Protein chains: 2
Amino acid sequence: MRVTPGGARQADLAAVDPRSTPGLPDPSVTGLDRKSWCRSQVRLVGAELARQQEMLFASAKVDPTDGRRVLLVLQAMDCGGKDGTIKRVAGAMNPLGLRITAFGPPTDEELAHHFLWRVRRALPAPGQVGVFNRSHYEDVLIARVESLVPEATLQARYDEINAFERELVGEGVTLVKVLLHISRAEQRDRLLERLTDPRKHWKYDPADVAARARWDDYQAAYAEALARCDADAAPWYVVPADRKWYRDWAVAHLLRETFATLDLGYPPAGVDLDRERRRLLAG
Amino acid sequence: MRVTPGGARQADLAAVDPRSTPGLPDPSVTGLDRKSWCRSQVRLVGAELARQQEMLFASAKVDPTDGRRVLLVLQAMDCGGKDGTIKRVAGAMNPLGLRITAFGPPTDEELAHHFLWRVRRALPAPGQVGVFNRSHYEDVLIARVESLVPEATLQARYDEINAFERELVGEGVTLVKVLLHISRAEQRDRLLERLTDPRKHWKYDPADVAARARWDDYQAAYAEALARCDADAAPWYVVPADRKWYRDWAVAHLLRETFATLDLGYPPAGVDLDRERRRLLAG
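Overview of the structure. Predicted model, so just to flag it, every value in this text is computed and none were measured.

Rules of the game
Residues numbered from 1 in each chain as written. Chains lettered and ligands numbered in written order. Predicted model: local features only at pLDDT ≥ 70, side-chain atom pairs only at ≥ 80, totals over all residues. Heavy atoms only, no water. Helix = DSSP H or I, 4+ residues; strand = E, 2+ residues; numbered from the N terminus. Rg over C-alpha atoms; globule rule 2.2 N^0.38 Å. Buried < 20%, exposed > 50% of the residue type's maximum accessible area, 1.4 Å probe, protein only. Contact = heavy atoms within 4.5 Å. Areas by Shrake-Rupley, 256 points an atom, 1.4 Å probe, with all protein chains shown as cover. Buried area = accessible area lost by both parts, 1.4 Å probe. Salt bridge = Lys/Arg side-chain N within 4 Å of Asp/Glu carboxyl O. Polar contact = N/O pair within 3.5 Å; in protein donor to acceptor, adjacent residues only side chain to side chain. Nonpolar A, V, L, I, M, F, W, Y, C, P; charged D, E, K, R; others polar. Least-squares fit on C-alpha atoms with pLDDT ≥ 70 in both. Axes fitted to C-alpha atoms, helices over the stretch in contact; angles between N-to-C directions. Parallel < 35°, antiparallel > 145°, perpendicular 65-115°, else oblique. Left-handed = near helix turned anticlockwise from the far one by under 90°. Pairing = 2+ DSSP bridges. Phe/Tyr/Trp six-rings, centres within 6.5 Å; stacked < 30°, edge-to-face > 60°.

## A look at the overall build of chain A
Thinking step 1. Check the secondary structure of chain A and you find twelve helices and six strands.
Thinking step 2. Whereas a compact globule of 283 residues would reach a radius of gyration of roughly 19 Å, chain A reaches 21 Å, a difference of no more than 12%.
Thinking step 3. Counting only C-alpha atoms, chain A reaches 70 × 55 × 40 Å along its principal axes.
Thinking step 4. Put simply, chain A has 283 residues, and 52% of those count as buried.
Thinking step 5. Considering only intrachain contacts with a sequence separation of at least 6, the fraction spanning at least 24 residues in chain A is 78%.
Thinking step 6. By element, 50% of the accessible surface of chain A is carried by carbon and sulfur atoms, the whole surface being about 12,400 Å².

## Side note on the interface of chain B and chain A
Thinking step 1. With 43 residues of chain B at the interface, the matching set in chain A holds 43 residues.
Thinking step 2. Overall, the association of chain B and chain A removes approximately 3,900 Å² of surface from exposure, summing both partners, and the carbon and sulfur fraction of that is 71%.
Thinking step 3. By the criterion of area lost to chain A, the three top residues of chain B are Leu96(B), Trp202(B) and Leu280(B), representing 21% of everything that side buries.
Thinking step 4. For the pair chain B and chain A, the interface holds zero salt bridges.
Thinking step 5. On the surface where chain B and chain A come into contact, there are four residue pairs in polar contact (both at pLDDT 80 or more).
Thinking step 6. For the side of chain B that touches chain A, the secondary-structure elements that each account for two or more residues are α2 (34-62), α3 (82-88), β3 (98-102), α8 (184-196), α9 (206-213) and α12 (273-282) of chain B.
Thinking step 7. Each residue belonging to the side of chain B that touches chain A can be placed in one class, and the counts come to 25 nonpolar, six polar and twelve charged.

## Structural notes on the relation of the copies chain B and chain A
Thinking step 1. At an RMSD of 0.0 Å, chain B and chain A line up after a rotation of 180 degrees and a shift of 0.0 Å along the axis. Here the symmetry operator amounts to a two-fold rotation axis.
Thinking step 2. Both copies present the same face, since 100% of the interface residues in chain B are matched by interface residues at the equivalent positions in chain A.

## Details of the packing of helix α7 (residues 151-170) of chain A against helix α10 (residues 215-228) of chain A
Residues and elements named next belong to chain A.
Thinking step 1. Contact geometry for α7 and α10: axes closest at 10 Å, N-to-C directions at 45 degrees. In terms of orientation, α7 and α10 fall into the oblique class. Where α7 crosses over α10, the two elements pack in a sense that is right-handed. Contacts between α7 and α10 involve Gln155, Tyr158 and Asn162 from the former and Glu224, Ala225 and Arg228 from the latter.

## A closer look at the pairing of strand β2 (residues 69-76) of chain B
Residue and element names in this part refer to chain B.
Thinking step 1. β2 sits mainly inside the fold: eight of its eight residues count as buried.
Thinking step 2. Alternating positions in β2 separate into two faces, Arg69, Leu71, Val73 and Gln75 on one and Val70, Leu72, Leu74 and Ala76 on the other, with burial throughout.
Thinking step 3. For β2 and strand β5 (residues 173-181), the ladder comprises eight bridges, and the chain directions are parallel. When the sheet's bridge partners are listed, Ala76 is paired in β5 with Leu180.
Thinking step 4. As judged from the five bridges shared by β2 and strand β4 (residues 129-133), these two strands associate in the parallel manner. Considered in β4, the bridge of Val73 is made with Phe132.

## Considerations on the packing of aromatic side chains
Thinking step 1. Overall, the coordinates contain ten aromatic pairs over all chains when judged by the stated rule.
Thinking step 2. Taking the centre distance of 5.7 Å and the plane angle of 55 degrees together, the rings of Trp37(A) and Trp249(A) count as tilted. Placement of the pair is Trp37(A) in helix α2 (residues 34-62) and Trp249(A) in helix α11 (residues 244-262), with a sequence separation of 212 residues.
Thinking step 3. Using a relative accessible area of 3% as the deciding quantity, one classes Trp249(A) as buried.
Thinking step 4. Between the aromatic rings of Tyr137(B) and Trp236(B), the centroid separation amounts to 4.8 Å while the plane-to-plane angle is 75 degrees, which identifies the pairing as edge-to-face. With Tyr137(B) in the loop between β4 and α6 (142-145) and Trp236(B) in strand β6 (residues 236-240), this pair connects stretches of sequence that are 99 residues apart.

The structure is reproduced here in C-alpha cells:
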C-alpha cells in the first residue's frame, strides 16, 4: 500500500492520519493557503486530465489493436467521498470517454454468477477511462465483515482478484486503486449533515449506521485487502480524505501521474492529408 | 419542429439560418457581446443543470416508483458539434448520473434485431439523464439516403419511432430531441481544421466526405424525420450550430427548460430524523 502522494509504503492503515495532507508544497512557496492551492490545482490538473483522456480515446480510435485504458477503483467507508471525487475529478473529463459504474449489493442474477462476472461486464473499453464506485473489493470487505461466504471462499478471493487484475494489466488496463480514508469522527459529522441539510436527506441510509458499528472490523478488512492485493502493476493508494479539497487534489494528481506513464500523444493522420484537402475543396 | 429558443414552429429546415442566434438578449441590456454572454451563461446554467440532475437522481432513489428521467437526443451532420455539446453541456452534470451512448454503424448482432433493440438497451434508468450521440433517427436518415432498407420498411419506421417515443413518455422519460444545424460551408471549414490541426487528425474520417456529397439528400431526410416525428411530448428542436458558443447555450437552455417542466425538489427524509440523530450520537 502506498500513502500518496510521495509517502512511504506502509502496511499499517491505522498509521495513516485521515486529516493529514502529505505531498503539498509549502504555503510560503505557493503564496496560497493549502486549501486554496489544492482547489486551484484541481482545475488545472482537471484540464490536463481532459487532454490526456482525449489522447487516450484518439489512440484507441486510430489503432484498433491499442487496448490501453485506465481504470480508477474507488473504495471508502460510507460518506468517504466517492461520489464527490467522481463529480469533481472524473467530472473534469469528457463524459463521452468515461465509463462509470456503481456497484451496489449484488442482484439475484449477479449472485448466481462468480463474483467477478459483473465486474468484467463493467470494464472500460479501450480508449476509455473507467471509474468503479465500489468494486470487486466489496467481495472481500463486506463479505468478510458480515461472513457472507465460507472462510475458504473468502480466502480464495484474494488470489482470484490478483489473477484478475494481472489479466487486466495484460489487456492494456492501467489500474489505480484508491482507498479514500476518513476517520470515524468525520463520518459521524457527515452523517449528521445528511440529517440536518434538507438537500442531503436523500443520501441518508440507516444501514450506514449499522456498518458504522462495525468500523474496526472494516478497517481490518481494508488493511488485509490492501496488503494482499497490492501489486506494482495494480497498486493501492491510501488517500487521507477527511479534507475534501486535499482528497480531490490527491486523486487528480494520482490520475495525472498514471496518464504520464502511458506517454500518450495525438496519433498521426491515417490518411494522405493533401489528397484529402484537395478532395474536400473540390466538393 | 421548433426553432429554439422561442422561435416559431417551422416546417422548412432550409429556412433556418445555421449562423443565426435566436433568443439572445440585446448586448446593450447584458453589457456583454453575445459570445461572452453565452459563455458566461453556459457556466451558470450548467451549475443549475447539475442541481436539477441531483434532484432527479435523489427522487428516483427515494421513491422506486418514480420513473422520471431525461433523454437528450443529439443528431447532426458530421462535424455538427455533438461531441463538443456533450463535453460542454452534459459535462456540467455529475457523470455518476449521466448515461451517454454513441450509436455507430450497427454491429452484426444489432442488425440481427429490430432497429430499436439497441436503443432500448441504452435508455437511461430512472433518475438518470441520458444522452444519445446519434440515435434511432439514423435508421430514417442514412437508411433513407443510402437506401439501406426497402421503401416500405423505411416508411413504417417513422410510425414505429413515434410509437416507441410515446411508450417512453408513458414510462416517465422526458425527451428532448435536438438537431444541431450547421451549414455546408461550416462543415468544410471544420473538416479542413481536422486536416490541419495535428490534435484533430484522429477525428478525420474520409467517409465524412462521402456523406458530405449527399448533403441535400441528408437535409431532405432530416426535414422529413423532423416533420413526421415531432410530437408535443417528444418535440424536435433545431439549434443553429455554426456558432459553437450559441449552440452550447441553446442546448443548455433547452435542458434547463426541460427540467423546469419536471418541477423537481429534494425529496423529504424517509426516516425519523431525531431518532436517527440520537442513534448516531450514541454510537
